[in-house]
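Per-entry structural report
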Amino acid sequence: MVHLHKQQNFCYVLLLFVALAIVYARKSDEVSFQQNYRVVWGNHHVFFLQHGREVQLSIDKTSGAGFRSKLEYASGFFHMRIKIPNKDSRGVVTAFYLTSTVYEGMGEKHDEIDFEFLGNNGEPHMLQTNIFANDEGGREQRHSLWFDPTIDFHTYGLLWNQHQIVFYVDEIPIRVFKNNSEVGVSFPWQEMHVTGSIWNGEPWASNGKRIDWNQAPFTAHFESFNIQGCQTQNHNKFVCYSPYLWWNDHKHWQLNPHQQKAYQYVRKKHLVYDYCSDRGQLHKECQIN
Ligand SMILES: *[C@@H]1O[C@H](CO)[C@@H](O)[C@H](O)[C@H]1NC(C)=O
């Protein structure tokens with residue numbers, strides 16, 4: 001009974017989030033790709049649909065493709081609507097992430113916040129997330145999804161402020177990374193581009209199996225190109241920590257009770273791999289939570 005009750009609650013929360021997501025998606029879909037993004041590789045593998053409000057990236061043996069934001073950001077609530085390849089795409093990685101620019105030879109350490117689909121090989125579909133701060137990554141988590149991401153667009157979101165990074169799938173928080181810099185855990189701080197791509201991830205992403213090129217091209221679709229972030233172009237990035245930016249206000253310093261509930265549910269039912277269980281001793285944040 002208790003279990004049923006919990007499930008019902010979760011459904012209500014889910015419905016509310018979906019309703020909000022629809023209202024929100026309407027507004028954001030009006031921005032075209034060209035306004036905020038540019039293609040950075042694989043030009044011939046990029047197709048524009050719906051007057052630039054939808055972009056298709058494809059990969060075959062010759063190339064994948066990728067795009068990124070024209071500007072860099074130092075805080076925000078970033079999102080992308082994505083539909084991944086609907087074939088046996090093992091080894092084909094579809095990614096949406098924030099990444100700082102590494103200038104070769106400058107000895108810089110990069111920051112990155114990732115969503116990665118490792119290519120599907122039947123149900124359930126796996127979504128991997130990772131965080132790099134000062135070049136230190138190895139923070140993979142994998143979630144099974146409660147829907148088929150090849151059939152419809154779903155929204156993948158990243159909240160990034162001074163207090164936390166939250167990964168959202170359709171408004172459901174699936175992962176939280178707190179700013180624990182006070183106890184010596186590095187936290188992404190560099191300006192980052194918003195990026196989307198499809199690329200050859202074998203053998204890493206395919207468990208040593210080969211991509212089945214007979215099925216190529218593999219295509220991923222991206223939508224929703226408005227960016228709710230603090231750009232750093234003409235000013236110091238500390239402006240991006242202003243509490244007047246809505247994603248920085250105290251409501252976004254931690255999950256609210258509804259989100260917390262949904263988050264705990266997802267952790268329990270859908271978290272299939274967590275680096276903390278695997279090599280937690282290498283990462284201080286694993287010993288805190
Ligand atoms: C992390 O939190 C500390 C305060 O605990 C703050 O000074 C610092 O700016 C935060 N880091 C980032 C990158 O937001």
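Presented here is an overview of the structure given in this document.

Calculation rules
- Residues numbered from 1 in each chain as written.
- Predicted model: local features only at pLDDT ≥ 70, side-chain atom pairs only at ≥ 80, totals over all residues.
- Heavy atoms only, no water.
- Pairing = 2+ DSSP bridges.
- Helix = DSSP H or I, 4+ residues; strand = E, 2+ residues; numbered from the N terminus.
- Axes fitted to C-alpha atoms, helices over the stretch in contact; angles between N-to-C directions.
- Polar contact = N/O pair within 3.5 Å; in protein donor to acceptor, adjacent residues only side chain to side chain.
- Phe/Tyr/Trp six-rings, centres within 6.5 Å; stacked < 30°, edge-to-face > 60°.
- Buried < 20%, exposed > 50% of the residue type's maximum accessible area, 1.4 Å probe, protein only.
- Lys NZ or Arg CZ within 6 Å of the ring centre and 35° of its normal.

1. Observations regarding the sheet that holds strand S16 (residues 271–274)
- Strands sit in the order S1-S4-S13-S6-S7-S8-S9-S16 across an open sheet of eight strands; the sheet is antiparallel. Among the strands making up the open sheet, the edge pair consists of strand S1 (37–41) and S16. Strand-to-strand twist of the sheet, defined as the mean angle between neighbouring strand axes without regard to direction, takes the value 20 degrees.
- Here six bridges tie strand S7 (residues 112–117) to strand S8 (residues 126–132), and the two strands are oriented antiparallel to one another. Bridge assignment links Glu116 to a residue of S8, and that residue is Gln128.

2. Considering the environment of Thr129
- Examined against the element boundaries, Thr129 turns out to sit in strand S8.
- Along the backbone, Thr129 and Arg139 are ten residues apart, and their C-alpha atoms lie at a distance of 7.9 Å.
- Of the polar contacts made by the side chain of Thr129, one reaches the side chain of Arg175; its length is 2.9 Å.

3. Overview of the packing of aromatic side chains
- One pass over the structure, following the stated rule, counts 21 aromatic pairs.
- A centroid spacing of 5.8 Å and a plane angle of 65 degrees characterise the contact between Phe115 and Tyr156, whose relative ring orientation is edge-to-face. Placement of the pair is Phe115 in strand S7 and Tyr156 in strand S10 (residues 154–160), with a sequence separation of 41 residues. Each member of the pair, Phe115 as well as Tyr156, is classed as buried.
- Note on Phe177 and Phe187: the rings are 6.1 Å apart at their centroids and 5 degrees apart in plane angle, and the pair reads as stacked. Of this pair, Phe177 sits in strand S12 (residues 172–178) while Phe187 is found in the loop between S12 and strand S13 (193–200), placing the two residues ten residues apart along the sequence.
- You can call Phe187 buried: its relative accessible area is 9%.
- Above the face of the Phe218 ring, Lys87 is positioned so that its terminal group lies 6.0 Å from the ring centre.
- For Lys237, the ring lying beneath its charged end belongs to Phe238, and the centroid distance is 5.5 Å.

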